[in-house]
Amino acid sequence: MIDHRYESASIVNDVLVAVFFTTGSVLFFSESTQTVGTWLFLLGSLDLLARPVIRLGRRVHLQRLRARTGDDLSYDY
């Protein structure tokens, strides 16, 4: 159950990165929308940072559960 939550968060994050960069790229073609495109590039770049943060949060969460239950919950997606 826990893995599904973190995996879903990672998938949503990947989709957001794609949306930010694709929309930013399209907006960058026109001079009047370049500023908005630049901001979307920045959001996409910051969102790239979210993936390792999600993975780290998952790893810490599973280590805490393993310490309590003794189960091996370390498999990765």
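For clarity, every value in this text was computed on a predicted model and none was experimentally measured. (Residues numbered from 1 in each chain as written. Predicted model: local features only at pLDDT ≥ 70, side-chain atom pairs only at ≥ 80, totals over all residues. Heavy atoms only, no water.)

A. Representation of helix α1 (residues 2-27) within the structure. Under the 1.5 Å per step criterion, the end-to-end length of α1 is 38 Å for 26 residues, consistent within 8% with the ideal 38 Å. Looking at the packing, one finds that the buried side of α1 touches α2 (34-69). (Helix = DSSP H or I, 4+ residues; strand = E, 2+ residues; numbered from the N terminus. Expected span 1.5 Å × (residues − 1). Contact = heavy atoms within 4.5 Å.)

B. Local environment of α2. With 36 residues, α2 ought to run about 52 Å at 1.5 Å a step, and its terminal C-alpha atoms sit 53 Å apart, in line with that. All buried positions along α2 are accounted for by Gly37, Leu40, Gly44, Asp47, Ile54, Arg58, Leu62 and Leu65. Elements in contact with the buried residues of α2: α1. Just past α2, the residue Gly70 takes up positive phi, approximately 85 degrees. (Buried < 20%, exposed > 50% of the residue type's maximum accessible area, 1.4 Å probe, protein only.)

C. Quick peek at the packing of aromatic side chains. A complete count under the given rule lists two aromatic pairs for this structure. Through successive ring pairs, a cluster of aromatic residues spans Phe21, Phe28 and Phe41. (Phe/Tyr/Trp six-rings, centres within 6.5 Å; stacked < 30°, edge-to-face > 60°.)

D. Spotlight on the side chain of Asp47. Positionally, Asp47 belongs in helix α2. Although buried, Asp47 forms no salt bridge, and the nearest oppositely charged side chain, Arg51, lies 10.0 Å from it. In contact with Asp47, other than residues within four places in its own chain, are Asn13, Leu16, Val17 and Phe20. (Lys, Arg positive; Asp, Glu negative; His and termini not counted. Salt bridge = Lys/Arg side-chain N within 4 Å of Asp/Glu carboxyl O.)

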